[in-house]
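Structure assessment
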Amino acid sequence: MELESKLSEVGMNLRSSLIRELLKYASVPGSISFGGGVPDPNTFPRHELAEIAKEVIENEYAYTLQYNTTEGDDELAKQMIKLLERIYGITGLDRPNLLFTTGSQQALDLLARVLLDRDSICFVEFPVYLGAASAFRMTFTKFETVPLLDDGMDVDYLEKKLKELDLAGKIRHVKFIYTVPNFHNPAGVTMSLEKRKRLIEIAERYGIPILEDDPYGLLRFEGEHLPSLYKLAGPDRVILLNTFSKILTPGLRIGVIIGRADIVRKATLAKQAADLCSPSLNQRIAARFLERYDLLEYLKLGIELYKKKKDTMIKALEENFSDIKGAKWVNPQGGLFVWFTLPEGYDTMEMFEIAKEKKIYYIPGEAFTIDDSKSSSMRLSFCLPPEEKIIEGVKRLKEVVVEYGKKKGLM
Ligand SMILES: *Cc1c(COP(=O)(O)O)cnc(C)c1O
């Protein structure tokens, strides 16, 4: 059978992500990887979760081993509403404002399905979180990209673009503005309070929803907590996505959509078609964990660990790259990523060939563009390697940059 002729348009367009392809190399012995953006397994509360898992399977089996409602576990909803009030000061939430999803990734997929069409326009940041771009792309939507600056998206650019679309009579095609305001993946930057307010004001003027994706908000190592867009503007303007992946464990696959009941309801109907419900067992484990332990207390250890690793990486970058004019890096206040930009002329995708030889891995910036355009940036994740490997890895990276730079006549 010839597959091509049987594939849907979506099927035809699917291709393997660059990140997955590149990370295949990272398992070569002796390699150091700044590639994978996954939490350090040492931060998972495995003993606590194991104990709770045994308990809820034995004592609550009629719930945990059964089908669940599409909306998800009411016990988890109770805990989540409490947590959101405590950490973000978000009040007034009720059960119909929450839908539990299979990770935030499913939330992105479901919202794309209920909001986007082929002639839609969605605004994303540049560089963009790859998972969101892939989910949105399934609908054949058009993208507009807004550059990220050191204090979050370039809101002047956003305003200009929206004005242009409005004048061209196309503003009704704009379905949402997607943003990762805290410790952006991959860019590491955080949106300032002034920008949050400006963004809301602009979105309100043009009547456009904001999709706020906040997996890292609780992983702040320094600086002051900033109010979420949802807290500032409320459910009429903002849909908030949260997940346990970076603050508890990604293996449970629990994300949550927080928003206006009618939007959440639509997403719930889409989820019904996608997978009926998320695993009851995982949700109940998370609910009992939150009931029994103080998530914020428990997170302190992880935050301390990540901060140390981040400081080590920034120091290593300073030591190795200060002599390369035009090289710059974002020093993140939280999260898992450092965004590292080389001077013009460096193509981090092409340079990856040399990196492979020296067994040091990163994600080329090209992976975070909508149109696979060339990039002189790369994403460096400090969460997995131990500190001595971070130091060694940055040294290797310097060798890679020097070798590439000489070969290309850039230095
Ligand atoms: C990791 C991450 C997610 C979370 O994905 P899950 O499906 O919840 O594991 C969502 N958005 C961003 C920006 C991320 O970095």
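Details of the structure are given in the entry above.
Summary of the structure given here. (Residues numbered from 1 in each chain as written. Predicted model: local features only at pLDDT ≥ 70, side-chain atom pairs only at ≥ 80, totals over all residues. Heavy atoms only, no water.)

**Considering the sheet that holds strand S6 (residues 174-179)**
Spatially, eight strands are ordered S2-S9-S8-S7-S6-S3-S4-S5 in an open sheet, and the strand pairing comes out mixed. Across the chains shown, the open sheet's two edge strands, defined by having one partner strand only, are strand S2 (98-102) and strand S5 (152-153). In the sheet, strand S8 (residues 238-243) pairs with strand S9 (residues 254-258) via four bridges, with the strands oriented antiparallel. Each bridged residue has a counterpart across the sheet, and for Leu 240 the counterpart in S9 is Ile 258. (Pairing = 2+ DSSP bridges. Helix = DSSP H or I, 4+ residues; strand = E, 2+ residues; numbered from the N terminus.)

**With respect to unusual backbone geometry**
Here the amide bond leading from Phe 126 into Pro 127 is cis, since omega sits at 5°, within 30 degrees of zero. Relative to the assigned elements, Pro 127 resides in the loop between strand S3 (121-126) and helix H7 (130-137). Positive phi is not limited to glycine here, since Phe 140 has a value of about 65°. Relative to the helices and strands, Phe 140 is located in the loop between H7 and strand S4 (142-149). Classification of Phe 140 as partly exposed rests on a relative accessible area of 23%. (Buried < 20%, exposed > 50% of the residue type's maximum accessible area, 1.4 Å probe, protein only.)

**Some points on the site of the ligand**
Inspection of the region around the ligand gives 13 residues, with Ser 104, Asp 213, Tyr 216, Ser 245 and Lys 246 positioned closest. Note that an oxygen atom of the ligand is positioned 2.7 Å from one of the side-chain N or O atoms of Thr 243. One of the side-chain N or O atoms of Ser 245 is found 2.6 Å from an oxygen atom in the ligand. About the coverage of the ligand: the protein hides 93% of its 390 Å² of free accessible area. The leading source of residues in the shell around the ligand is helix H6 (residues 103-115), at three residues. Split by residue class, the shell around the ligand holds four nonpolar, six polar and three charged. (Near = heavy atom within 4 Å. Polar contact = N/O pair within 3.5 Å; in protein donor to acceptor, adjacent residues only side chain to side chain. Areas by Shrake-Rupley, 256 points an atom, 1.4 Å probe, with all protein chains shown as cover. Nonpolar A, V, L, I, M, F, W, Y, C, P; charged D, E, K, R; others polar.)

**Looking at the nonpolar core**
By size, the foremost hydrophobic cluster in this structure holds 103 residues, and its most contacted members are Leu 295 and Leu 380. Sorting elements by how many residues they give to this core places helix H13 (residues 295-321) first, with ten residues. With near-sequence residues (within four places) excluded, Leu 295 lies in contact with Leu 83, Leu 218, Ile 247, Leu 248, Phe 289 and Leu 290. The next biggest cluster of nonpolar side chains, apart from the first, holds 26 residues, and it includes Leu 116, Val 124, Ile 239 and Leu 241. (Core = buried A, V, L, I, M, F, W, Y, C linked by side-chain atoms within 4.5 Å. Contact = heavy atoms within 4.5 Å.)

**Focus: the sheet that holds strand S11 (residues 337-341)**
Judged by pairing direction, the sheet is antiparallel, and its four strands sit side by side in the order S10-S11-S14-S13 without closing on themselves. Looking at strand neighbours, the two that pair on one side only are strand S10 (328-329) and strand S13 (363-364), the edges of this open sheet. Judged from the two bridges that link them, S10 and S11 form a sheet pairing that is antiparallel. Along S11, the bridge assignment pairs Lys 328 with Thr 341.

**Description of the pairing of strand S7 (residues 210-213)**
Going residue by residue along S7, you find Ile 210 and Glu 212 tucked away on one face and Leu 211 and Asp 213 tucked away on the opposite face as well. Bridge analysis of S6 against S7 gives three bridges, and the strand direction is parallel. Directly across from Ile 177, in S7, lies its bridge partner Ile 210. Once the chain exits S6 it traverses helix H9 (residues 193-206) before rejoining the sheet at S7, and the crossover so formed is right-handed. In this structure, S7 lies alongside S8, joined through four bridges in parallel fashion. Paired with Leu 211 across the strands is Ile 239, a residue of S8. (Right-handed = clockwise from strand over helix to strand, strands pointing away.)

**Notes on the packing of helix H8 (residues 155-167) against H9**
At a closest axis distance of 10 Å, the pairing of H8 and H9 adopts a crossing angle of 5°. By the angle between their axes, H8 is roughly parallel relative to H9. Only Lys 195, Arg 198, Leu 199, Ile 202, Arg 205 and Tyr 206 of H9 make contact with H8, whose side of the interface consists of Val 155, Asp 156, Leu 158, Glu 159, Leu 162, Lys 163 and Asp 166. Its residues assigned to classes, the contact of H8 with H9 comprises six nonpolar, no polar and seven charged. (Axes fitted to C-alpha atoms, helices over the stretch in contact; angles between N-to-C directions. Parallel < 35°, antiparallel > 145°, perpendicular 65-115°, else oblique.)

**A closer look at the packing of aromatic side chains**
For any pair of aromatic rings, geometry is given as the distance between the ring centres together with the angle between the planes. Counted under the stated rule, the structure contains twelve aromatic pairs. On the basis of an interplanar angle of 40° and a centroid distance of 5.8 Å, the ring pair of Tyr 346 and Tyr 404 is categorised as tilted. In this pair, Tyr 346 is assigned in the loop between S11 and helix H14 (348-357) and Tyr 404 in helix H15 (residues 387-407), connecting sequence segments 58 residues apart. Exposure class is identical for Tyr 346 and Tyr 404. Each is buried. (Phe/Tyr/Trp six-rings, centres within 6.5 Å; stacked < 30°, edge-to-face > 60°.)

**Structural notes on the side chain of Thr 249**
Within the fold, Thr 249 resides in the loop between S8 and S9. At 2.9 Å, the side chain of Thr 249 forms a polar contact with the backbone nitrogen of Gly 251. Here Leu 252 takes part through its backbone nitrogen, which lies 3.5 Å from a polar atom of the side chain of Thr 249. Residues within four places of Thr 249 in sequence aside, it is in contact with Phe 44, Leu 49 and Phe 244.

**Some details on a nonpolar patch on the surface**
Taken together, the side chains of Met 1, Leu 3, Leu 7 and Met 12 make up a nonpolar region of the molecular surface, amounting to roughly 450 Å² of accessible area. Assignment of secondary structure puts Leu 7 in the segment before helix H1 (9-13). Judged by its relative accessible area of 31%, Leu 7 falls in the partly exposed class. (Patch = residues over 30% accessible without salt bridge, like charges linked within 9 Å, V, L, I, M, F, W, Y side chains within 5 Å. Salt bridge = Lys/Arg side-chain N within 4 Å of Asp/Glu carboxyl O.)

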